[in-house]
Amino acid sequence: IADKAYLLACVSNGNLYFAEVEGNHNLLKLNTETGIISTYKDGNFYMPIVSKEYIYYIDLNNDRKLCRMKMTDDSVEVLSDEKVVNYNLSEKDNVLFYQVENSVEDHRLMKMTLQGENITEIMEGDAFNITRMLYQVWEYPTTLLIAPDKSIALQDVSPMKEASDIISALTP
């Protein structure tokens, strides 16, 4: 489908959404019916997740603030004024977890509603997979392997650090 690797961030309404990795960080969309990749939104997106009518993302143009953009009118809300390095969410539980790294001494796991309310510190320090263990919220982004016939050959290879991770996942 493409001549370069992308980190496919999420699936919504039969489309895959992900950020461009070379040159800019525009939000791209892969139509799974046609196999066509197109620019969905211009911007400097990192780790975009489409959830209902919003795109959640880390804004690389705005000091890594966690934001959401309404897909119908492109209005943007800053959900966290802190420097966010990772996040994930659960629509079912209306919760968003995010890792803050404001300085070498200020690393925290935080939680809020999808609307940016009820901000709570979960713990100080760096958290790895804690939301999966405690709250069953699966990691975003995950890696997806699409076969030449455009079917999903492998879903949810996480974490993926190198090509051998995919090979291992494909090996029975």
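Residues numbered from 1 in each chain as written. Predicted model: local features only at pLDDT ≥ 70, side-chain atom pairs only at ≥ 80, totals over all residues. Heavy atoms only, no water.

Description of the pattern of salt bridges
Point 1. Tallied over the full model, the rule gives five salt bridges.
Point 2. Among the salt bridges present, the one from R108 reaches D106, with a minimum N-O distance of 2.7 Å.
Point 3. Note that R108 and E121 form a salt bridge whose closest N and O atoms lie 4.0 Å from each other. On the criterion of sequence distance, the pair formed by R108 in strand β11 (residues 106–112) and E121 in strand β12 (residues 120–124) is long-range, its members being 13 residues apart.
Point 4. Residues joined by salt bridges that share partners form a network here, namely E82, D106, R108 and E121. (Salt bridge = Lys/Arg side-chain N within 4 Å of Asp/Glu carboxyl O. Helix = DSSP H or I, 4+ residues; strand = E, 2+ residues; numbered from the N terminus.)

Topic: the packing of aromatic side chains
Centre distance and the angle of the planes are the two values used to describe a pair of aromatic rings.
Point 1. As enumerated under the stated definition, the model contains three aromatic pairs in all.
Point 2. Centre to centre, the rings of Y54 and Y56 are 6.3 Å apart; their planes meet at 55 degrees, and the pair counts as tilted.
Point 3. Relative accessible area serves as the criterion here: at 12%, Y54 is assigned to the buried category.
Point 4. Over the aromatic face of Y40 sits the side chain of K41, whose NZ or CZ is 5.0 Å from the ring centroid.
Point 5. The aromatic ring of Y54 is capped on one face by R68, whose charged end is 3.7 Å from the ring centroid. (Phe/Tyr/Trp six-rings, centres within 6.5 Å; stacked < 30°, edge-to-face > 60°. Buried < 20%, exposed > 50% of the residue type's maximum accessible area, 1.4 Å probe, protein only. Lys NZ or Arg CZ within 6 Å of the ring centre and 35° of its normal.)

Read these as layout, nothing more, since geometry by itself doesn't imply function.
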